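Listed below are the residues making up each chain.
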Protein chains: 2
Amino acid sequence: MTTFPAQAERVVQLLQGHRSIRKFTEEKIPAATISEIIRCAQMASTSSHLQAYSIIGVTEQSLKQKLAEYAGNQTYVETCSHFLVFCADLHRLDYVSRAQGVDVTETLETTEKFIVATVDAALAAQNAAVAAEAHGLGIVYIGGIRNNPDKVAELLGLPDKVYPVFGMCLGYPDQDPEVKPRLPQSCVYFENRYPDLHSLADELKQYDQEVKQYYLQRTKGKRQDTWTDMVVKTLSTPSRTHMKSFLKEQGFPLK
Amino acid sequence: MTTFPAQAERVVQLLQGHRSIRKFTEEKIPAATISEIIRCAQMASTSSHLQAYSIIGVTEQSLKQKLAEYAGNQTYVETCSHFLVFCADLHRLDYVSRAQGVDVTETLETTEKFIVATVDAALAAQNAAVAAEAHGLGIVYIGGIRNNPDKVAELLGLPDKVYPVFGMCLGYPDQDPEVKPRLPQSCVYFENRYPDLHSLADELKQYDQEVKQYYLQRTKGKRQDTWTDMVVKTLSTPSRTHMKSFLKEQGFPLK
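Residues numbered from 1 in each chain as written. Chains lettered and ligands numbered in written order. Predicted model: local features only at pLDDT ≥ 70, side-chain atom pairs only at ≥ 80, totals over all residues. Heavy atoms only, no water.

In the nomenclature of an unreviewed UniProt entry, chain A is known as Nitroreductase of Caldalkalibacillus thermarum. Within the UniProt record for chain A, the comment given under Sequence similarities (unreviewed entry) is "Belongs to the flavin oxidoreductase frp family." (UniProt positions renumbered as here; feature names shortened; annotations may be inferred.)

Q: Please clarify how the relation of the copies chain B and chain A should be interpreted in this entry.
A: Both copies of the chain are placed relative to one another by a rotation about an axis and a shift along it. With an RMSD of 0.0 Å, the operation that places chain B on chain A is a rotation of 180° combined with a shift of 0.0 Å along the axis. Here the symmetry operator amounts to a two-fold rotation axis. A shared binding surface is used by both copies, with 100% of the interface residues of chain B retained as interface residues in chain A. (Least-squares fit on C-alpha atoms with pLDDT ≥ 70 in both. Contact = heavy atoms within 4.5 Å.)

Q: In this structure, what is going on with the domain arrangement of chain A? I would like to understand it.
A: One frequently used descriptor of interface size is the decrease in accessible area upon assembly of the parts. According to the domain assignment, chain A contains domain 1 (17-177 + 238-249) and domain 2 (185-224). Computed over C-alpha atoms, the centres of domain 1 of chain A and domain 2 of chain A are 30 Å apart. (Domains from an automatic or database assignment.)

Q: I tried to follow the environment of B:Tyr194 on my own but got confused; where do I start?
A: By the secondary structure assignment, B:Tyr194 is in the loop between strand E5 (189-191) and helix H9 (201-218). The class of B:Tyr194 is buried, set by a relative accessible area of 5%. Beyond its immediate stretch of four places on either side in the chain, B:Tyr194 contacts A:Ser54, A:Ile56, A:Asp89, A:His91, A:Arg92, A:Leu156, A:Gly157, A:Leu158, A:Pro159 and A:Val162. In terms of polar contacts, B:Tyr194 uses its side chain to reach the side chain of A:Asp89, at 2.7 Å. (Helix = DSSP H or I, 4+ residues; strand = E, 2+ residues; numbered from the N terminus. Buried < 20%, exposed > 50% of the residue type's maximum accessible area, 1.4 Å probe, protein only. Polar contact = N/O pair within 3.5 Å; in protein donor to acceptor, adjacent residues only side chain to side chain.)

Q: Honestly, the packing of aromatic side chains in this entry has me stumped. Any pointers?
A: Ring pairs (aromatic) are described by centroid distance and by the angle formed between their planes. Tallied over the full model, the rule gives 17 aromatic pairs over all chains. An angle of 80° between the planes, with centres 5.3 Å apart, marks the rings of A:Tyr163 and A:Phe252 as edge-to-face. Placement of the pair is A:Tyr163 in strand E4 (residues 162-171) and A:Phe252 in the segment after helix H11 (243-249), with a sequence separation of 89 residues. The exposure classification of A:Tyr163 matches that of A:Phe252, with both residues buried. Connected via pairs of aromatic rings, a cluster forms that spans A:Phe114, A:Tyr163, A:Phe252, B:Phe114, B:Tyr163 and B:Phe252. Just above the ring of A:Tyr215 sits the side chain of A:Arg223; from NZ or CZ to the centre is 3.7 Å. (Phe/Tyr/Trp six-rings, centres within 6.5 Å; stacked < 30°, edge-to-face > 60°. Lys NZ or Arg CZ within 6 Å of the ring centre and 35° of its normal.)

Q: I keep staring at the pairing of strand E1 (residues 53-58) of chain A and nothing clicks. Help me out?
A: The side chains of a regular strand alternate between the sheet's two faces. The element E1(A) is extensively covered by neighbouring structure, given that six of its six residues are classed as buried. Covered by surrounding structure in E1(A) are A:Tyr53, A:Ile55 and A:Gly57 together with A:Ser54, A:Ile56 and A:Val58, the residues of both alternating faces. Sheet topology places E1(A) next to strand E2 (residues 82-89) of chain A; six bridges connect them, and they run antiparallel. Within the sheet, the bridge partner assigned to A:Tyr53 lies in E2(A) and is A:Ala88. As paired strands, E1(A) and E5(B) are joined by three bridges and run parallel to one another. Bridge pairing in E5(B) places A:Ile55 opposite B:Tyr189. (Pairing = 2+ DSSP bridges.)

Q: Looking at this model, I keep getting lost on the pattern of salt bridges. Mind explaining?
A: If charged atoms from side chains of opposite charge come close, those side chains can pair. All names here are of chain A. Considering all chains together, one arrives at 20 salt bridges over all chains under this definition. A salt bridge links Arg-223 to Asp-225; the nearest nitrogen and oxygen atoms lie 2.9 Å apart. Since its relative accessible area comes to 16%, Asp-225 is described here as buried. Taken together, the shared-partner salt bridges connect Asp-94, Arg-98, Asp-160 and Lys-161 into one network. (Salt bridge = Lys/Arg side-chain N within 4 Å of Asp/Glu carboxyl O.)

Q: Looking at this model, I keep getting lost on the packing of helix H10 (residues 227-235) of chain A against helix H5 (residues 91-99) of chain B. Mind explaining?
A: Packed helices, taken two at a time, are described by the angle between their axes plus the distance between the axes. Running from N to C, H10(A) and H5(B) cross one another at 100°; their axes reach a closest spacing of 9 Å. Put simply, H10(A) runs roughly perpendicular to H5(B). Judged by residue contacts, A:Trp227, A:Thr228, A:Val231, A:Val232 and A:Leu235 of H10(A) engage B:Leu93, B:Val96 and B:Ser97 from H5(B). Classifying every residue of the contact of H10(A) with H5(B) by side-chain character gives six nonpolar, two polar and no charged. (Axes fitted to C-alpha atoms, helices over the stretch in contact; angles between N-to-C directions. Parallel < 35°, antiparallel > 145°, perpendicular 65-115°, else oblique. Nonpolar A, V, L, I, M, F, W, Y, C, P; charged D, E, K, R; others polar.)

Q: Sorry if this is basic, but what is going on with H9(B) here?
A: Two residues of an α-helix separated by three or four positions point the same way, owing to the 3.6 residues in each turn. Taking 1.5 Å as the rise per residue, H9(B) with 18 residues should run 26 Å; its terminal C-alpha atoms sit 26 Å apart, in good agreement. Those residues of H9(B) that fall on the buried side of the exposure criterion are B:Leu204, B:Tyr207, B:Asp208, B:Val211, B:Tyr214 and B:Tyr215. All buried residues of H9(B) fall inside an arc of 125° around its axis, so they share one side. Residues of H9(B) that are exposed and point over 90 degrees away from its buried face: B:Asp202, B:Lys205, B:Gln206 and B:Gln217. Here the buried face of H9(B) lies against helix H5 (91-99) of chain A together with helix H10 (227-235) of chain B. Positive backbone phi, approximately 50°, marks B:Lys220, located one or two places after H9(B). (Expected span 1.5 Å × (residues − 1). Arc of directions from axis to C-beta.)

Q: Help me out: how do you make sense of the sheet that holds strand E3 (residues 138-142) of chain A in this one?
A: Backbone-to-backbone hydrogen bonds pair the strands of a sheet. The strands run either parallel or antiparallel. If you trace the five strands from one edge of the open sheet to the other, you get E3(A)-E4(A)-E2(A)-E1(A)-E5(B), paired in mixed fashion. The outermost strands of the open sheet, each flanked by one partner alone, are E3 of chain A together with E5 of chain B. This sheet shows a mean twist of 25° between the axes of neighbouring strands, independent of strand direction. Pairing analysis gives eight bridges linking E2(A) to E4(A), with the strands arranged antiparallel.

Q: Sorry if this is basic, but what is going on with the UniProt feature "domain: Nitroreductase" (unreviewed entry) in chain A here?
A: In this structure's numbering, the residues bearing the UniProt feature "domain: Nitroreductase" (unreviewed entry) are residues 16-172 of chain A. Segment residues 16-172 of chain A splits into 46% helix and 18% strand. End C-alpha atoms: 19 Å apart.

Q: I would appreciate a short explanation of helix H7 (residues 111-134) of chain A in the present structure.
A: All names here are of chain A. Spanning 24 residues, H7 covers 35 Å between terminal C-alpha atoms, matching the ideal 34 Å at 1.5 Å per step. With 24 of 24 residues buried, H7 is to be regarded as a mostly interior element. Residue Gly-136 follows H7 closely and has a positive phi angle near 85°.

Q: Hey, could you run me through the side chain of A:Glu133 in this one?
A: With respect to the helices, strands and loops of the structure, A:Glu133 is situated in helix H7. Here A:Glu133 is buried and forms no salt bridge, its nearest opposite-charge partner A:Arg19 lying at an N-O distance of 6.2 Å. Beyond its immediate stretch of four places on either side in the chain, A:Glu133 contacts A:Leu14, A:His18, A:Arg19, A:Ile139 and B:Gln7. (Lys, Arg positive; Asp, Glu negative; His and termini not counted.)

Below, the structure is given as structure tokens:
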């Protein structure tokens, strides 16, 4: 037990120091480092040991350029050293089952298995993020690949029953942004029972002010919205309303 | 840069050494440790800074007992020091939007926002898992709470637009199982394009043998199924087919 406190402190510092990096140097990540990061991703927990995810490592510049465009012109997708696309993958399970002459389509088409595959991809990704940051790399998740998931799927040759959940840029940081304040723990973590949020109104208001100060400072006074302002703005128009029909086409009918 | 290799090695060892723990000592986790683990969970990336998840920390023994039962009589849910339920949470966003007089229901009902909230919960959970293991704790994810998600939601008072994605047992390990072999990297990580899986048939077969050996050793010869055997067995009957209707009832119509 005596070795834990020191290790715990280092890991906790690493996790609590996370901020997204969107500007990278031109330095390339060695292949051995990528391989080690992927191995860490693979060691995350996986539902029933199904390992229902795959990772596409995008290194070809022309592909990165297109993905940057599909993600809504996010240039860092193009300029990062390595772009990973985390996919929920039920195709491999379908493949090995068919090879044994068993048709498991009915199971794979359930909402349950969609959740399993999506969560598996996310757990693997977060391990990859932690491993990358331990190596001094910067990362940013790219949900923007769901802007054009059909084009992403075509570009990367994703078969039926595989969908791109999100991307992740990896590279050596060329910026040093501050850590972004999170909600007070009292608003996210509840003991034994979910509370009435009215009881947390003061904490939420205080957080709004904290986020406002963060933006004011970071943008030198240009941006001054609170967390609630940002939430309302983000949610006032539905986005990516194509996901349901895209998923159905891609073999996830969410039954 | 000089400090990275040592830190990277330690973190990589931690991540690559993960195995689920299902037997715990009676030692209780200090509140400060739980709080630090939750803080690490909160620092994971979150889509558009929405923080669309909540965590219920279950400490009351009667609740843990019921959750163990709902999860399919998984006794470690009851015997672990601390049980966390990770929830996808769009209710808090609904609450703060309504407080500003804005109705964002249409956005919150999309499949896209279901993905956002589910992924947010998973990223936070994996950071919690890593932080816990850094502290010498053992963890196991409990997808079994989706066996009876309606009962879990009622027991924990989850409001509309909050659903329990999975649970996680935390405690001091009272067992030391081996690390479970993962798929070969070549079967999970692909460069630039998803391959035809026929080209990986040999690797998959080799993995089947590796898993068979792992089970043979772990069960002293009682269990000898390959990975494919396990996959086919797990998928031959659809499970948790109630998820679609449960989610609809709970405010996730997946539009």
